[in-house]
Amino acid sequence: MKDTTADDEPIRSTSIHQARPDLDILPASRLTGDATAEDLESIRRRTSVYVYEAPVRLWHWINAAAITVLCITGYLIANPPPTMMIGEATQQFTFGYIRFAHFAAAFVMTIGFLGRIYWAFVGNHHAKQLFILPVWNARWWKEVMFELRWYLFLEKEPKKYIGHNPLAQIAMFFFMTMGITFMIVTGFALYSEGLGHGSWADRMFGWVIPLVGNSQALHQVHQLGMWAIVVFMIIHVYAAIREDIMSRQSMVSTMISGHRTFKDDRPD
Amino acid sequence: MPQLETFYDVMRRQGITRRSFMKYCTLTASALGLGPAFVPQIAHAMETRPRTPVIWLHGLECTCCSESFIRSAHPLVKDVVLSMISLDYDDTLMAAAGHQAEQAMEDVIREYHGNYILAVEGNPPLNEDGMFCITGGRPFVEKLRHAAEGAQAIISWGACASYGCVQAAHPNPTRATPVHEVITDKPIIRVPGCPPIAEVMTGVITYMLTFQRLPELDRQGRPAMFYGQRIHDKCYRRAHFDAGQFVEAWDDENARRGYCLYKMGCRGPTTYNACSTIGWNEGVSFPIQSGHGCIGCSEDGFWDQGSFYERVTDLTQFGVEANAGEVGMAAAGLVGGGVALHAAVSALKSAQVKRQEAASEEA
Amino acid sequence: MVVQTPNGFSLDTAGQRIVVDPVTRIEGHMRCEVNVDEDNVIRNAVSTGTMWRGLEVILRGRDPRDAWAFTERICGVCTGTHALTSVRAVEDALGITIPDNANSIRNIMQLNLQVHDHIVHFYHLHALDWVNPVNALRADPRATSELQQAVGPNHPMSSPGYFRDVQNRLRSFVESGQLGLFRNGYWDNPAYLLPPEADLMAVTHYLEALDLQKEIVKVHTIFGGKNPHPNWLVGGVPCPINVHSTGAVGAINMERLNQVSTILNLCDEFVRNVYIPDVVAIGGFYRNWLHGGGLSSQAVLSYGDIPEHANNFDAEQLHLPRGAIINGDLSTVHEVDIRDPEQVQEFVDHSWYDYGEPGVGKHPWDGVTQARFELGPNTVGERTHIREIDEAAKYSWIKAPRWRGHAMEVGPLARYIVGYASGHEQITDQVTGLLRTMDLPVEALFSTLGRTAARALEAQYCADLQRHFFDKLIANIRNGDESTANIERWEPETWPTSTRGVGFTEAPRGALGHWVTIESGRIENYQCVVPTTWNGSPRDSAGNIGAFEASLLGTPMERPEEPVEILRTLHSFDPCLACSTH
Ligand code: HEM
Ligand code: HEM
Ligand code: NFV
Ligand code: SF4
Ligand code: SF4
Ligand code: F3S
Ligand SMILES: [Mg+2]
């Protein structure tokens with residue numbers, strides 16, 4: 001990754017939307033690896049950056065929908081609604097549909113996630129952010145601390161980020177990248193029980209059951225996984241809306257249009 | 001090693017006709033889920049195979065596995081003991097005691113070295129130098145190791161031998177230990193259950209006699225033919241599960257209609273066993289059919305998964321006792337509250353900033 | 001050295017020491033050592049329970065509604081009796097009452113266990129102490145048939161051809177050279193007294209009983225889903241009843257009830273036509289071998305069981321009697337109250353447990369189970385290789401329960417002596433009838449044979465009672481009551497924060513009690529005092545010996561190196577070691 005400026009001393013009073021190679025814009029983003037040369041070029045040319053390509057956006061919303069369905073149906077699997085008497089058991093499939101919706105959403109989520117992994121390889125720089133934490137980058141850690149202080153109301157003004165802010169990135173990595181993987185592995189291990197000994201799911205995921213102890217323990221950890229994701233969702237949606245209002249850049253619209261726009265043109 | 005007589009020899013000498021012998025083979029084939037094409041193979045096996053000596057040891061246990069075994073109807077246990085195997089040592093049933101019993105075991109180990117089956121019921125405790133289970137003045141674990149050394153294969157009967165069972169439940173005061181953790185150099189087939197179904201026990205034995213090999217085992221060393229599916233997969237109440245028709249309380253109207261016991265803590269969805277297919281005591285019933293949920297008695301560690309009336313395990317790791325749902329709900333509630341608070345503070349802050357900005361603009 | 005025990009026995013350790021370990025054809029692990037004098041008469045006896053699993057420790061902190069499942073696994077032989085005792089203890093603690101149907105079903109299951117366990121014990125664990133299968137090969141099947149028709153004329157399987165088939169099968173088995181369970185038996189020991197015909201008849205019934213016992217337990221399967229280890233429920237029974245409407249196939253319905261009824265008939269017929277006649281016939285040949293009385297003529301105890309009405313445990317409402325007899329005084333049957341801290345107490349001075357202080361007895365509500373394995377200084381051998389145990393020190397995994405300080409015998413004989421002494425109608429009839437048939441005095445009851453005969457009589461009584469409660473169940477259902485469980489106090493929120501309770505039954509082997517204390521919805525302490533804990537108990541701090549030890553004293557042995565007589569008398573108690581130590 002090449003730097004656009006050699007000079008580390010920023011010139012403050014100037015707008016960032018100017019072709020001035022001596023102006024160090026968005027140093028935090030640049031030094032944590034968030035901003036590429038192209039991004040910075042883009043900012044100079046116009047007021048926004050194209051961050052989330054169409055497949056990422058599409059995935060985001062499909063994934064969000066699938067996980068929402070999985071959480072609702074999963075909750076109902078764990079805590080079935082009161083018995084309904086629509087007809088004889090052969091005429092009624094209430095709980096079966098709930099489970100079916102769970103499995104259908106599970107397949108959507110899984111295929112989507114595989115597609116998302118593929119896009120990490122072929123998509124733009126920001127498509128990789130979900131999968132790699134730049135833990136070796138000292139500046140990144142500094143920005144994590146900064147972002148933490150921002151959320152603790154200890155900073156007056158947030159910084160600008162092109163992709164995810166470092167704190168969000170951590171949350172996404174653990175709760176989503178790892179979380180979805182965990183739910184897929186444990187979910188398909190559970191699914192393999194229904195398909196039976198020797199099925200594809202059993203061959204691929206059956207090993208998980210003795211690993212966690214027994215089938216019941218597997219249900220337990222799968223359910224715990226859900227609650228972890230629910231916790232993430234609460235924070236995530238809140239943070240997205242809050243930052244949309246309080247940060248210096250666009251949030252929700254970014255996940256719709258793909259473009260990150262900035263509300264001011266100060267360098268950082 | 002002396003010549004062992006074949007199973008067929010024994011049956012013939014006991015006045016069993018060729019015809020009923022073939023009938024027996026047909027029954028065996030169907031009991032094992034094999035087609036009629038296998039009957040000649042089974043017959044051939046029976047005609048040429050000797051009666052296999054069996055040493056049956058007892059460790060820390062409740063003897064329900066033996067009790068279950070003697071309930072076998074297909075085949076009858078008397079036929080197993082008189083005609084199929086040679087049960088040369090079993091403390092619970094043998095005539096001799098003391099020195100004569102110990103001698104019997106030594107003789108079998110010597111005479112049939114490498115050719116006998118070791119069946120283990122119960123398990124060895126390892127704490128207190130093994131003296132929580134003493135036989136012949138010595139720790140049971142010594143006897144187990146000694147008998148295992150010359151065994152061809154080992155059968156771990158029941159939850160005790162397979163997983164540890166109730167005496168290994170927390171805090172496992174005697175350090176009761178499953179057989180495979182003590183004997184690591186022999187093929188071990190685990191036949192879990194508390195106890196296992198009688199016909200599963202004799203089915204495993206007749207399979208081994210018929211095919212002269214261990215049955216196909218799953219990842220946990222259980223015969224796939226009997227433990228390949230969950231109770232839930234073949235439960236006759238499954239239609240009510242799928243319909244969402246559940247027993248909501250003991251002896252309610254739904255219970256009397258035989259609805260699904262999921263909400264009463266049934267562990268059928270997490271338990272691998274043959275109860276919902278073979279049934280108990282000649283298929284008369286099985287736990288769910290008689291109105292109580294499955295308690296998961298053939299699963300590893302089923303005693304420590306929380307109350308039998310909750311189908312999701314309690315978490316004790318965090319000091320408090322609650323299940324995944326309760327922990328998750330609490331966490332989500334906490335975070336939700338935190339978020340609301342954070343939102344409120346954020347709103348106040350930004351209002352403050354706006355006022356300041358407005359003030360400075362005015363100025 | 002001769003020692004006089006406070007409960008009236010003299011122990012002499014001078015003679016040859018004989019060790020029997022393992023004691024076989026019992027449940028669990030047990031060791032027995034005796035000293036015999038120069039005439040081969042037993043002068044000192046030591047019984048050691050050689051296993052411990054720690055169920056009382058494991059139960060702490062658990063949900064009391066689960067306790068039945070744990071305690072049921074104390075024993076697979078008397079399966080269900082601990083479960084019943086446990087749900088009663090928890091119901092007592094939480095103030096839960098059960099519906100009438102639940103009482104009838106529980107009683108049927110408990111009585112069914114009595115019948116089953118007694119039959120299996122007699123034929124498969126005890127018979128080989130009296131019956132010589134090898135000798136049966138010499139029998140004339142025709143003479144056997146005649147014997148059968150004489151002693152059990154109503155038993156249909158009695159033709160000479162039938163006995164010949166069994167004999168042939170036995171012969172080829174023996175001739176195969178692979179003797180299996182009969183290997184190394186004591187078949188040429190003169191202690192065996194039966195003529196070949198009786199041996200053949202008994203061996204035949206051994207096989208018949210083996211076929212039958214799997215039928216008997218189907219009553220448990222119907223109400224509890226399986227056997228061994230049927231399911232139970234705090235507040236009632238888990239099986240709902242529905243005899244009228246849709247969905248009845250998912251509950252106890254007419255077909256299920258009919259099946260129970262058929263099985264009750266089977267029990268009754270076998271006990272009446274085979275079991276009792278066998279005991280009479282075999283007993284007749286051993287009528288002069290009246291050893292093994294031990295404590296039975298001194299001190300016997302029973303808690304009573306089988307309540308006629310749900311939730312009423314008053315002594316006069318129980319079909320199996322309650323009471324204690326001490327000091328050999330049959331004219332006084334003492335009242336028993338197992339809540340009374342003075343009555344039931346456990347001592348551990350000779351047991352591998354630790355109370356922190358010597359010489360104390362603890363009532364089970366205050367019971368402590370803290371294992372401590374250590375051998376006395378006079379042990380011969382090493383810690384993990386005991387050759388001779390030192391009974392002056394700790395020597396057993398069994399605790400020593402005492403009733404008002406007395407070592408007591410429990411079990412069918414104890415129940416029958418209490419019943420006989422208190423004038424219990426059916427029991428008295430049965431006992432006097434049997435004594436008359438066999439032409440024996442009352443004193444003959446206090447013996448190994450008496451114990452074995454009481455068990456058979458009890459099987460018959462229990463088979464009859466099963467029918468009584470079955471009829472009662474049907475009548476109640478006919479009156480429109482299908483209720484089987486009371487769930488008012490199912491949820492822990494409805495429980496008191498701090499409570500305690502006790503449950504009791506008469507298990508096949510004797511008086512059984514579970515004492516539970518519950519704190520904040522969890523088990524705080526759980527103590528079981530089990531029949532074989534009483535019978536197999538080691539000495540207490542005062543030096544009283546337990547029932548096993550007492551019963552062996554004075555018995556002459558034909559060949560000291562072949563413990564037939566020891567087995568005979570120990571087996572007459574039907575020892576269950578997994579139960580005794582739990
Ligand atoms: C975010 C993703 C997911 C969430 C939040 C989720 C949530 C849940 C929950 C709460 C349960 C109930 C657990 C219990 O109490 O037994 C459950 C069960 C289950 N889930 Fe998921 N799950 C997810 C993904 C998956 C995936 C990817 C699969 C794969 C097919 C899957 C398959 C299953 C199966 C088979 C069950 C058991 C259903 C049953 O017992 O009938 N889940 N899930
Ligand atoms: C109304 C609901 C939601 C809104 C408004 C929303 C908004 C956003 C926004 C603005 C971003 C970009 C964050 C950034 O720029 O740093 C984002 C990213 C993301 N969101 Fe959501 N989100 C929603 C629901 C969900 C749900 C339910 C999930 C899954 C549980 C989810 C998972 C993700 C993930 C994994 C990313 C990272 C995408 C990537 O980097 O590829 N979102 N979301
Ligand atoms: N002792 C004893 Fe039991 C009985 N009967 C139980 O309480 O056998 Ni296992
Ligand atoms: S596995 Fe269960 S049934 Fe078998 S001996 Fe152990 S406790 Fe008894
Ligand atoms: S009763 Fe149990 S095993 Fe049967 S369908 Fe319901 S949950 Fe599954
Ligand atoms: S409790 Fe056990 S007996 Fe079968 S139905 Fe469940 S595995
Ligand atoms: Mg106790």
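Residues numbered from 1 in each chain as written. Chains lettered and ligands numbered in written order. Predicted model: local features only at pLDDT ≥ 70, side-chain atom pairs only at ≥ 80, totals over all residues. Heavy atoms only, no water.

**Student:** Honestly, the domain arrangement of chain B in this entry has me stumped. Any pointers?
**Tutor:** How big an interface is tends to be stated in terms of the accessible area lost upon association of its parts. Residues and elements named next belong to chain B. Looking at chain B, the domain boundaries give domain 1 (7-226) and domain 2 (229-363). Centre-to-centre, using C-alpha coordinates, domain 1 lies 38 Å away from domain 2. Domain 1 puts 21 residues into the contact, and the matching count from domain 2 is 17 residues. Buried area between domain 1 and domain 2, both sides added, is near 1500 Å², and the carbon and sulfur share of it is 62%. The interface formed by domain 1 and domain 2 includes 1 salt bridge. (Domains from an automatic or database assignment. Contact = heavy atoms within 4.5 Å. Buried area = accessible area lost by both parts, 1.4 Å probe. Salt bridge = Lys/Arg side-chain N within 4 Å of Asp/Glu carboxyl O.)

**Student:** Before we go on, may I ask you to explain a nonpolar patch on the surface in this structure?
**Tutor:** All names here are of chain A. A surface patch of nonpolar side chains, about 570 Å² in accessible area, is lined by W61, V237, I241, I245, V252 and I256. Element by element, the count of residues in the nonpolar patch is highest for helix α9 (residues 215-246), at 3 residues. Summarising the element assignment, I245 is placed in helix α9. The exposure class assigned to I245 is exposed, which follows from its relative accessible area of 63%. (Patch = residues over 30% accessible without salt bridge, like charges linked within 9 Å, V, L, I, M, F, W, Y side chains within 5 Å. Areas by Shrake-Rupley, 256 points an atom, 1.4 Å probe, with all protein chains shown as cover. Helix = DSSP H or I, 4+ residues; strand = E, 2+ residues; numbered from the N terminus. Buried < 20%, exposed > 50% of the residue type's maximum accessible area, 1.4 Å probe, protein only.)

**Student:** Before we go on, may I ask you to explain the coordination of the magnesium ion (ligand 7) in this structure?
**Tutor:** The expected angle between donors at a tetrahedral four-coordinate metal is 109.5 degrees. At an octahedral six-coordinate metal it is 90 or 180 degrees. Residue and element names in this part refer to chain C. At 2.1 to 2.3 Å from the magnesium ion (ligand 7) lie its protein donor atoms, namely E56 (OE), C528 (O) and H582 (NE2). When the donors of the magnesium ion (ligand 7) are listed by position in the chain, the intervening gaps give E-x471-C-x53-H. Note that E56 is positioned in helix α1 (residues 55-58) and C528 in strand β15 (residues 522-529), a separation of 472 residues in sequence. Both residues of the pair, E56 and C528, count as buried. (Donors = N, O, S within 2.8 Å, 3.2 Å for Na, K, Ca; no water.)

**Student:** Help me understand the interface of chain C and chain B in this model?
**Tutor:** Contacts between chain C and chain B engage 101 residues on the former and 100 residues on the latter. At the boundary of chain C with chain B, total buried surface from both sides reaches about 8300 Å², with 56% on carbon and sulfur atoms. Counting the surface chain C buries against chain B, the share from its top three residues, R169, L181 and R183 of chain C, is 10%. Applying the counting rule to chain C against chain B returns 9 salt bridges. Here chain C is connected to chain B by 55 residue pairs in polar contact (both at pLDDT 80 or more). Here the side of chain C that touches chain B takes 6 residues from helix α7 (residues 196-216) of chain C, the largest share from any one element. Taken together, the residues that form the side of chain C that touches chain B break down as 48 nonpolar, 30 polar and 23 charged. (Polar contact = N/O pair within 3.5 Å; in protein donor to acceptor, adjacent residues only side chain to side chain. Nonpolar A, V, L, I, M, F, W, Y, C, P; charged D, E, K, R; others polar.)

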